[in-house]
Amino acid sequence: MDPRIREHAEIIAHHSVDLQAGDDVVITAPPVADDLVVALHEVIGDVGANPISLSSDDRAQRAYLRASEEDDFETPSHTEALIEETDVYIAIRANENVTETSDVDAEINAAYRRAQKPITAERLSKRWCLTQFPAPANAQLAELSTEGYENFVWDAVNKDWDEQREFQANMVEILDPADEVRIKSGDTTDVTMSVAGNPVLNDYGEKNLPGGEVFTAPVADSVEGEVLFDKPLYHQGREVTGVYLEFEDGEVVDHAADKNEEVLTEVLETDEGARRLGELGIGMNREIDQFTYNMLFDEKMGDTVHMAVGRAYEDTVGEDNEQNDSAVHVDMIVDMSEDSRIEVDGEVVQEDGSFVFEE
């Protein structure tokens, strides 16, 4: 086994989820990520915790969803009970075919996600980590060799997270006391939002591995302006490009996309909360230096900003503000490397991808 896989497992266990003796651990992973699952079981055994591994096979999921009707879904009580009794939840992404679920009806997907919403909420209340195993299909999507993609993934994952936390703390100090943020990029993006009273989180490889962003939630009804997300979105096995959103009083009032606009429409029509922003994130991981069609990595790129329609994370919403609620949370990216700036309370804090505190 590649020693970097063991290092990946150690970081998950000891840095990301703070694994303790006696913890009950659920791991979900596809078969192609078996090496990381094995390494995690070794680490979990070393600690004295209790693992259970569940398959997240895309072929099986596709078969189930295509055989189902929209009104068939209910929250599965046995899955909910398992997560309720769990201390640690680890989800591993990896694909044998990145487009396996592309022919599942979007309305079926939306109905399934609504039924899963209580389980998702329960998972987010645990110590949890979402990470990536470098599978060949993901390498192909990134237009990299298998070896090249392995190097890319483990360079981004197996790093000094204390150093990364200190670097990102500079942005937290700027954003945490702020009232208003403006994102401006070329002639296509100019959007403002209030973040007043909402905590700013420093993601340094805990819940997401790799980490590398500073993020918060906009005040739900404060978003005004328009955004062109000029990096592609890969959602439900389909590529969506040129996503355009226009906001008034926090709500999407107009939208378009150059490719697969119907996928975007289905996301926005999932529920009422899907038409509002649940997250503003600023990418800060300089090891992630190329776009790979994988949001877990792409949203952390140092020259990007991302915004998510849908659910806001509870930890990013102040007690005096309303948490945006939705069955979806879909991130989309703006390239900030040229003719772009981030303003916080009228002061430029990043211009053309460079932060004011960088050398």
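Residues numbered from 1 in each chain as written. Predicted model: local features only at pLDDT ≥ 70, side-chain atom pairs only at ≥ 80, totals over all residues. Heavy atoms only, no water.

- If you check an unreviewed UniProt entry, the chain appears there as Aminopeptidase from Natranaeroarchaeum aerophilus.

Side note on the pattern of salt bridges
In a structure, side chains of opposite charge can pair up when their charged atoms sit close to one another.
Reasoning step 1: This structure, assessed with the given rule, holds 17 salt bridges.
Reasoning step 2: Ionic pairing is found between Arg62 and Asp103, a salt bridge with its closest N-O pair at 2.9 Å. Residue Arg62 is located in helix H3 (residues 58-66), and its partner Asp103 is located in the loop between strand S3 (88-93) and helix H5 (106-124); the two are separated by 41 residues in the primary sequence.
Reasoning step 3: On the basis of relative accessible area, Arg62 is assigned to the partly exposed category, the value being 23%.
Reasoning step 4: The class for Asp103 is partly exposed, based on a relative accessible area of 37%.
Reasoning step 5: In the salt-bridge network here, residues are joined through shared partners; they are Arg6, Glu10, Glu42 and Asp46. (Salt bridge = Lys/Arg side-chain N within 4 Å of Asp/Glu carboxyl O. Helix = DSSP H or I, 4+ residues; strand = E, 2+ residues; numbered from the N terminus. Buried < 20%, exposed > 50% of the residue type's maximum accessible area, 1.4 Å probe, protein only.)

Notes on the sheet that holds strand S17 (residues 329-335)
Reasoning step 1: The strand order across the open sheet formed by 5 strands is S7-S9-S15-S16-S17, and the pairing between neighbours is antiparallel. Edge positions in the open sheet fall to strand S7 (201-203) and S17, since each of these has one partner strand only. Within this sheet the neighbouring strands show an average axis-to-axis angle of 25°, counted without direction.
Reasoning step 2: Of the pairings in the sheet, the one linking strand S9 (residues 213-216) to strand S15 (residues 277-283) comprises 4 bridges and is antiparallel in character. Considered in S15, the bridge of Glu213 is made with Gly283.
Reasoning step 3: This element, helix H8 (residues 161-175), spans S7, S9 and S15 of the sheet and lies at about 30° to S9. (Pairing = 2+ DSSP bridges. Axes fitted to C-alpha atoms, helices over the stretch in contact; angles between N-to-C directions. Contact = heavy atoms within 4.5 Å.)

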